[in-house]
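# Coordinate analysis (summary)
Single-letter residue listing:
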Amino acid sequence: MIIVVGSINLDLIANVDRLPSPGETVSGSSFTTAPGGKGANQALAAARAGVAVRMVGAVGKDNFAAEALALLRDAKVDLSGVGETFASTGTALIMVGDDGENIIAVVPGANASVVPGDLSKTFVKEGDVVLLQHEIPLATIEAALDQASAAGAVTVLNTAPFHAEAAALLGKADYVVANETEFDLYGEALALGGRDRAARMRDFAGRTGRTIVVTLGGDGVMAATPTDFLTVPAMKITPVDTVGAGDTFCGYFAACLSSGLALDKALARAGAAGSLACLKPGGQPAIPLAADVDQALKSH
Ligand code: RIB
């Protein structure tokens, strides 16, 4: 079982020819809404990877809540740990340019009311994987890491979005997944030593005894464990929309760990899933099914 403690949003998405500069207005070519939030996206990715998933989080008592949870319901994610609050459902205002790049502003709303101890709404046992991100309060993340470790669960912390105050939490998770920008910033905050990123990853793994995974977009993924260093190349693709690609990686990665896959295979499978997620518009709608990932891995 994978338990995701994290954010649930409704994404309000405008497609534009190019992303505007500050103070500039640009015309949009289309507008859609889609379920989102890094927590919910990762929960859906893990479910589409074929693993049983339970979500812990919060939505508002408003019209956005049902749509925000719709694809998780379709994928049979257990939503018994999702509470309803008087705050509004989290929203993300997203612009996607023609080159597939995006800018996102998130209004946490109900996600801010996921409190320390909410993980105890659900039973966590040895062998479960608890997956977290930085879109709920940091105190809640810290409490969930402690509770999960005490129960003998494996913990995976995705460090998005970057918060300098979260640096101290990284050493508490069994697996940390960061993109290159986040890792470089956390590296400064933690005063990691080394001439380059790989050396700083080794320093982190050596100091903490944990595994650090750094995603590099089109350049693939690197991972450092206390004893090993791995690199996995990316599939060659032309991205249409990168929203949710990192979340797809994290959800699939957690699913691979939950299924007992070795780290190198887990990285390759999660990387392929993340690449496929860039080939369709939207975050959750673009998350691939396990069979699509199998196919992509065969043909590469
Ligand atoms: O990682 C993509 C997600 O970030 C979007 O779905 C949006 O809701 C924000 O949380």
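For the structure given in this document, a descriptive report is provided here. All values derive from a computational prediction rather than experimental measurement.

Let us now look at the sheet that holds strand β12 (residues 221–224). With mixed pairing, the nine strands of this open sheet are ordered in space as β5-β4-β1-β8-β9-β10-β11-β12-β13. At either margin of the open sheet sits one strand with a lone partner, and together these are β5 (78–85) and β13 (229–232). The sheet shows a mean angle of 15° between the axes of neighbouring strands, taken without regard to direction. For strand β8 (residues 129–132) and strand β9 (residues 154–158), the ladder comprises four bridges, and the chain directions are parallel. Its bridge partner being in β9, Leu131 is matched across the sheet by Val156.

As a further point, take the packing of helix α7 (residues 263–276) against helix α8 (residues 290–298). With their axes 9 Å apart at the nearest point, α7 and α8 run at an angle of 105° to one another. With respect to their mutual orientation, α7 and α8 come out roughly perpendicular. From α7, Ala268, Arg269, Ala272, Ala273 and Leu276 reach across to α8, where they touch Ala290, Asp292, Val293, Asp294, Ala296 and Leu297. Residues of the contact of α7 with α8, tallied by class, amount to eight nonpolar, no polar and three charged.

To continue, consider the pattern of salt bridges. Overall, the coordinates contain eleven salt bridges when judged by the stated rule. The partner of Glu24 in a salt bridge is Arg18, and the shortest N-O contact between them spans 2.3 Å. Among the ionic pairs, Asp146 bridges to Lys172, the shortest N-O distance being 2.8 Å. With Asp146 in helix α3 (residues 138–150) and Lys172 in the loop between β9 and β10 (175–179), this pair connects stretches of sequence that are 26 residues apart. On the basis of relative accessibility, which here comes to 26%, the residue Lys172 falls in the partly exposed class. Each of Glu142, Asp146 and Lys172 takes part in salt bridges that share partners, so that together they form one network.

What counts and what doesn't
Going along each chain's sequence as written, the residues are numbered from 1 onward. Thresholds applied to this predicted model are a pLDDT of at least 70 for local features of residues and 80 or more for the giving and counting of side-chain atom pairs; totals over whole chains, interfaces and linings are not thresholded and use all residues. Hydrogens and water are ignored here; the side-chain numbers use all heavy atoms of the structure. Each pair of strands is called paired provided DSSP finds at least two bridges between the two strands. We count a stretch as a helix when DSSP gives it H or I for four or more residues in a row; a strand needs E for two or more, and each element gets its number in order from the N terminus. The angle between two axes is taken between their N-to-C directions and runs from 0 to 180 degrees, where each axis is a line fitted to C-alpha atoms and a helix contributes only its stretch in contact. Orientation categories follow fixed angle ranges, with anything under 35 degrees roughly parallel, anything over 145 roughly antiparallel, 65 to 115 roughly perpendicular, and all other angles oblique. Contacts between residues were defined by any pair of non-hydrogen atoms, one from each residue, lying within 4.5 Å. Only Asp, Glu, Lys and Arg are considered charged in this grouping, and only Ala, Val, Leu, Ile, Met, Phe, Trp, Tyr, Cys and Pro are considered nonpolar; every other residue, Gly among them, is considered polar. Put simply, a salt bridge is a Lys or Arg side-chain nitrogen that is within 4 Å of an Asp or Glu carboxyl oxygen. Relative accessibility decides the category of a residue: with a 1.4 Å probe and only protein chains considered, values under 20% of the type maximum give buried, values over 50% give exposed, and everything between is partly exposed.

Any link to function would need more than the numbers given here.
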